[in-house]
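Close look at the chain arrangement
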Amino acid sequence: MISQIVFTLVFIFSIAFFYKNAKTIYRNIKLGKQTDRSGNKKERLKMMLLVAFGQKKMFKKPIPAILHLFVYVGFCIINIEMLEIIIDGIFGTHRFLSFMGSFYDFLIYSFEILAFSVLVACVIFLIRRNILYIKRFRSHDLDNWPRTDANLILFTEIILMTAFLVMNAADAKLQSLHAEHYVQAGSFPISSYLIPYLPDSISSLVAIERTAWWVHILGVLAFLNYLPLSKHLHIILAFPNTYFSNLNPKGKFENMPAVTAEVKSMLDPSIPPPSGEVSRFGVKDIQDLTWKNLLDAYTCTECGRCTAACPANMTGKLLSPRKIMMDTRDRMVEVGKNIDNPQENVSEEKSLIDSYISREEIWACTSCNACVEQCPVNINPLEIIIGLRQYAVMEESQAPSSINGMLSNLENNGAPWKYSQADRANWTN
């Protein structure tokens, strides 16, 4: 009974703490401006199923894609067993779902195969990240916490899967010894190989089985509450993020409504000028981004495929699309903390541009959309970069000399070149 009470309290506390963190994340995302991503539901659902659930874009790199699929499918399906563990923990039962008979045996058999595949994949991922020299995992973007975060998650998944297999091995041996409370149920293709290494004492086996059970369930609950602090939040947010993707062709830029209305009124006197003032042109801070941009930032997996495909980054420029997303998330979290603790004023003198993302970074972008194309979960760093550029030009009149020259030529000559319209065709002579 004490065990049941402890488990119930831990479970309720974990769910409540996760709910609190989820509310904070939702509040931070809502700091962004409104944008309509509700139309074309059929196409959006198709996008979510293909990209998030089917991991379509991951398979541009087949080997890591297959390994990731093992982890993704394995971890999700194995956690179906969490339903049984929660019931057993609250009511003091053991293998509550064993009444399903042969189907239950099939489930446990499948769970073990998947658990082993997750374990192997995580070991390979650790080797890829820490031993093999893969450039996108060695970038300075990942120094300190981001690199630790990735390794910590992999170690955690290895521990969880190991605990699951050890629990099953001890359970299977207790069943063979006809220990009280351990019903004959389940099929154990992987953990059966561990049975010869376990003791024969029933009391020792019960201690091992219970310890592994607690490690597994507490690990899963800890993992659940670690997600809001980690890049692995994409496990949850990849689905809404892909559903609300921009369905317009890549490279299509949206005109600013206020600027469009002003130009139309200038070209056609019959159209009245727009009323009211525009609060800001472009993006200075996260409040000027849309909620979808902020959802992108939270969804970023920090995989670095965007940066690896970026031509500016390839040529040694400072720009890293991955860093743009990480900086946006860090700034959003900081603003959220300032809302929760206004007396600390931790972010009053800062902004996304300059404090987090430098001018050199935003002007290095070629706006080629390679980062958008490569992202496995349809994140769009380019929208943020263009917004920051618009602010620099339209609000501050600050741009590189080459940009200012081009804008001046457009104004005077109607083209980016310094030649007048009358001389434009001289090259044909």
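Scroll up to find the structure.
First things first, this report covers the structure right here in the doc. (Residues numbered from 1 in each chain as written. Predicted model: local features only at pLDDT ≥ 70, side-chain atom pairs only at ≥ 80, totals over all residues. Heavy atoms only, no water.)

What follows deals with unusual backbone geometry. Positive phi is not limited to glycine here, since Asn144 has a value of about 65°. Structurally, Asn144 can be placed in the loop between helix 6 (135–138) and helix 7 (145–176). When its relative accessible area of 65% is taken as the criterion, Asn144 is described as exposed. For His181, which is not glycine, the phi torsion reads 85° and is therefore positive. One can find His181 in the loop between helix 7 and helix 8 (202–226). Note on His181: relative accessible area 47%, which makes it partly exposed. (Helix = DSSP H or I, 4+ residues; strand = E, 2+ residues; numbered from the N terminus. Buried < 20%, exposed > 50% of the residue type's maximum accessible area, 1.4 Å probe, protein only.)

Below, the discussion takes up the packing of helix 1 (residues 2–29) against helix 14 (residues 321–340). Where helix 1 contacts helix 14, the axes come no closer than 10 Å and their chain directions differ by 110°. Put simply, helix 1 runs roughly perpendicular to helix 14. Residue-level contacts link Thr24, Arg27, Asn28 and Ile29 of helix 1 to Met332, Val333, Gly336, Ile339 and Asp340 of helix 14. Its residues assigned to classes, the contact of helix 1 with helix 14 shows 4 nonpolar, 3 polar and 2 charged. (Axes fitted to C-alpha atoms, helices over the stretch in contact; angles between N-to-C directions. Parallel < 35°, antiparallel > 145°, perpendicular 65-115°, else oblique. Contact = heavy atoms within 4.5 Å. Nonpolar A, V, L, I, M, F, W, Y, C, P; charged D, E, K, R; others polar.)

A few words now on the packing of aromatic side chains. Scanning all chains against the criterion turns up 10 aromatic pairs. When the ring of Phe13 is compared with that of Phe17, the centres are 6.0 Å apart and the planes differ by 10°; the resulting orientation is stacked. Taken together, the residues Phe13 and Phe17, both in helix 1 and 4 residues apart, mark about one turn of the helix. Of the residues examined, Phe13 reaches a relative accessible area of 56% and is grouped as exposed. Geometrically, the ring pair formed by Phe244 and Trp291 is edge-to-face, given 5.2 Å between the ring centres and 90° between the ring planes. Residue Phe244 is found in the loop between helix 9 (234–243) and helix 10 (257–267), and its partner Trp291 is found in helix 11 (residues 291–299); the two are separated by 47 residues along the sequence. The exposure class assigned to Trp291 is buried, which follows from its relative accessible area of 14%. By the ring-pair criterion, three or more aromatic residues cluster together here, those being Phe7, Phe11, Trp213 and Trp214. The ring of Phe137 has Arg129 sitting right over it, with the charged end atom 4.3 Å from the ring centre. Of note, Arg210 hangs over the ring of Trp213, and the distance from its end group to the ring centre comes to 4.7 Å. (Phe/Tyr/Trp six-rings, centres within 6.5 Å; stacked < 30°, edge-to-face > 60°. Lys NZ or Arg CZ within 6 Å of the ring centre and 35° of its normal.)

As enumerated under the stated definition, the model contains 19 salt bridges in all. A salt bridge links Asp141 to Arg322, with the shortest nitrogen-to-oxygen separation between them at 3.6 Å. Of this pair, Asp141 sits in the loop between helix 6 and helix 7 while Arg322 sits in helix 14, and the two are 181 residues apart along the sequence. With a relative accessible area of 17%, Asp141 lands in the buried category. The partner of Arg331 in a salt bridge is Glu334, with the nearest N and O atoms 2.8 Å apart. Taken together, the residues span about one helical turn, with Arg331 and Glu334 both in helix 14 at a distance of 3 residues. Both residues of the pair, Arg331 and Glu334, belong to the buried class. Several salt bridges share partner residues, and in doing so they unite Asp285, Arg331, Glu334 and Lys350 into one network. (Salt bridge = Lys/Arg side-chain N within 4 Å of Asp/Glu carboxyl O.)

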